[in-house]
Amino acid sequence: MYRSHTCGELRISHIGNTVTLAGWVQTVRKFGSITFVDLRDRYGITQLLFGEELNKQLDENPLGREFVVQATGKVNERSSKNANIPTGDIELLVESFSILNKSAVPPFTIQDDTDGGDDLRMKYRFLDLRRNAVKKNLELRYAVNRSARNYLHENNFMDIETPFLIKSTPEGARDFVVPSRMNPGQFYALPQSPQTFKQLLMVSGYDRYYQIVKCFRDEDLRADRQPEFTQIDCEMCFVEQEDILNMFEGLIKRIFKDVKGIDYTEAVERMTWEEAMWQYGNDKPDIRFGMKLCNLKFPAHTFPAKESLSSLIAGDFAVFNDAETVIAIAVPGCAEYTRKQTDELTEWVKRPQIGMKGLVFIKCNADGTYKSSVDKFYSEEKLKAIADAAGAKAGDLVLILAGTEERTRKATSELRLEMGKRLGLRKADEFKLLWVLDFPLFEFALEDQDGGGAGRWVARHHPFTSPKPAHIETMINNSPKVADLDKYLEHPYAGIKANAYDMVLNGNEIGGGSIRIFQRELQEKMFAALGMDAEEQQHKFGFLLGAFEYGAPPHGGIAFGFDRLCSILGGSESIRDFIAFPKNNSGRDVMLDAPSEIAEKQFDELSIKLNLK
Ligand code: ASP
């Protein structure tokens, strides 16, 4: 028997018992003829006391950090107790011990505030995982996993595994491909998600499916993405959007309850994609705070449903007159910003990541006067009208950005988030869920995202998402061709909406899904709209089109980003912290040193010739 108890288990009630512990040496403290050793395992730390006799043995066999040690002795009440740890009242009076294994000096300290840098910790991830801070994250991840499984099981969902060596399942990224030795010149693709399989399971009649599953996407790694990541992937049949929204806000609420002890009893807010874009400038708004966007000017085609406020800014100010878009936000309580502070904000919006040329502000002074960086161009009365439109009150600071449509909207959205952060309105312990509904069905790819080329319509969600019934005609009756790339927003496809929904938590998209197409003809029309001719459709998705001929039920589903959900619940910005063995920002596993070259012989077996450029 290696141990009778764990290092986190012993209490006052165990005093006098003879026990055996095994674990890793955290610290060794020698005081004259006695030595204290903190022994650590997954469950905690227990202090070992080596008396005079054993100290001699220790002198001959000194213990070092991270040595694996087994010790037997009596549980003793500590004379100076440590209230900070659960085992702080007792210690183990060691009677015998053995060193089960030695350890090299670890390259960084295995402590909460370690001295190890990111790279070093990634290289020695197996040591990093010994740290309490990392262990807590993995425990949280497991708690989320358990909670999700319990909820889904209770609701009749069945966990069914789907294969990894498949044919492409498009989710808007490039596929990772795997050469097949037995089929020279042919390749599997790793799934970007189990999308087509879960739909096939619906055709097979498994009406509630889930899987906590790895997905693989070969995309440029923007901040905090992983080439392989985990989804809670779900699908249901005989459901409408409303059924899905109810079932899965139930799932997230259950996870809140089980993992964080939070009773999220209120209904989850809902907003259309258009509302989100208008009011917050992005499709995953953080609704923990207001500061909504006031759209003063915009091109008519962008969002047809909105009345223009451009008369408010009419005048001689060339910047506003020449801009495609002008957007304002009212920042509460900041009218007293100094020149230095407004200058700093101006520099902030000019940073390349934000990319604006400047920032206009209006101070709504407490005494009812208005002071602005564009005083020369607008009367106080006009400034007041603009500030009122932005919803500013006395004491607020109105910030206005102007420029091209997309960039300005994005920049204002970033500025809003930044001001929210600076004003402490984005509280880590506040959780606010939101459904964003009615997404556009298509997106125009100005750049190539998935290897399929640029300048074409791609599915905003994926090609299996159904259009809103009222928009099907528009899709069928219009050619996808876009004559003038600059004017793609005027193409009828730009206005087609989908039965698609995203769940947003504190400004992060944590899940997304849709009601699917389940009729062969409509699926063919959808593929055609995405520029696939009949032959390509058959080659890529013949199996799905074929399955739709054998009694495919109406169905829909959703997938949650499991890593991201964990990181938000754990109050961290980084999903890597919640993955046992993550890749770094360039998609490398620095511990394994992968990806790496393979032997010439392997290429031969695969009938592959390298052509490095
Ligand atoms: N497969 C989709 C995704 O990975 C989710 C879904 O539509 O259910 O985003």
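Every residue gets a number counted from 1 within its own chain, in the order that chain's sequence is written. Reporting in this predicted model follows two pLDDT cut-offs: at least 70 for local features of residues, and 80 or more for side-chain atom pairs to be given and counted; totals over whole chains, interfaces and linings ignore these cut-offs and use all residues. Neither water nor hydrogens contribute to the side-chain values; these are computed over all heavy atoms in the structure.

Caption draft 1: View of the site of the ligand. The criterion for a residue being near a molecule or strand is simple. One of its heavy atoms has to lie within 4 Å of it. Lining the immediate environment of the ligand, one finds 14 residues, of which Glu171, Gln195, Lys198, His461 and Arg516 sit closest. A distance of 2.6 Å separates a nitrogen atom of the ligand from a polar side-chain atom of Glu171. In these tables, accessible area is a Shrake-Rupley quantity obtained with a 1.4 Å probe, and a residue counts as shielded only by the protein chains included in the view. Within the complex, 93% of the 270 Å² of free accessible area of the ligand lies under protein. A run of H or I in DSSP becomes a helix once it reaches four residues, and a run of E becomes a strand once it reaches two; helices and strands are each numbered from the N terminus. Those elements giving two or more residues to the shell around the ligand turn out to be α5 (195–203), β21 (508–515) and β22 (555–561). Among the elements that make up the shell around the ligand, the one with the highest residue count is β22 (3 residues). Gly is put with the polar residues, along with every residue not named as nonpolar or charged; the nonpolar set is Ala, Val, Leu, Ile, Met, Phe, Trp, Tyr, Cys and Pro, and the charged set is Asp, Glu, Lys and Arg. For the shell around the ligand, the per-class residue count stands at 2 nonpolar, 8 polar and 4 charged. By the criterion applied in these results, polar contacts are pairs of N or O atoms within 3.5 Å in which, for protein atoms, one can donate a hydrogen and the other can accept it, and in which residues neighboring in sequence qualify only through two side-chain atoms.

Caption draft 2: Main features of the packing of helix α4 (residues 132–154) against helix α15 (residues 562–569). Axis geometry follows a simple rule: fit a line to the C-alpha atoms, using only the stretch in contact for helices, then measure angles between N-to-C directions, giving values from 0 to 180 degrees. The geometry of α4 relative to α15 is characterised by a closest axis approach of 10 Å and an angle of 120° between their N-to-C directions. Considering their axes alone, α4 and α15 lie oblique with respect to each other. In this structure, α4 crosses over α15, and the sense of that crossing is right-handed. In this structure, α4 contributes Leu140, Arg141, Val144 and Asn145 to the contact, and α15 contributes Phe562, Asp563, Leu565, Cys566 and Leu569. Tallied by class, residues from the contact of α4 with α15 come to 6 nonpolar, 1 polar and 2 charged. Note on angle classes: values under 35 degrees are labelled roughly parallel, values over 145 roughly antiparallel, values of 65 to 115 roughly perpendicular, and the remainder oblique. The hand of a helix crossing depends on one turn: near helix anticlockwise from the far one by less than a right angle means left-handed, and clockwise means right-handed. The contact criterion used is simple: two residues touch if any of their non-hydrogen atoms lie within 4.5 Å.

Caption draft 3: Quick peek at the sheet that holds strand β2 (residues 34–41). Any two strands with at least two DSSP bridges between them are considered paired. Read around the closed barrel, the 5 strands follow the order β1-β2-β3-β5-β4; overall the barrel is mixed. Shown here is a sheet whose adjacent strand axes are inclined to one another by a mean of 55°, direction ignored. For strand β1 (residues 18–31) and strand β4 (residues 68–77), the ladder comprises 7 bridges, and the chain directions are antiparallel. Opposite Trp24, over in β4, you have Val68 as the bridge partner. Running at roughly 25° to strand β5 (residues 90–101), helix α1 (residues 52–60) makes contact with β1, β2, β3 (44–50) and β5 of the sheet.

Caption draft 4: Expanded view of the layout of surface pockets. Lining residues are defined by having an atom within 4 Å of a point belonging to a cavity or pocket. Those points lie on a 1 Å grid over the protein atoms alone, cavities being sets where a 1.4 Å probe fits but cannot get out and pockets being open sets with protein on both sides within 12 Å along at least five of seven lines. Grid points are joined across faces, edges and corners, and a volume is the space filled by probe spheres set on the points. The computed volume of the second largest pocket comes to approximately 560 Å³. Every element with two or more residues in the lining of the second largest pocket is listed here: β1, β2, β3 and α4. Counting residues per element, the lining of the second largest pocket draws most heavily on β1, which supplies 4 residues. Class assignment for the residues of the lining of the second largest pocket results in 9 nonpolar, 8 polar and 8 charged.

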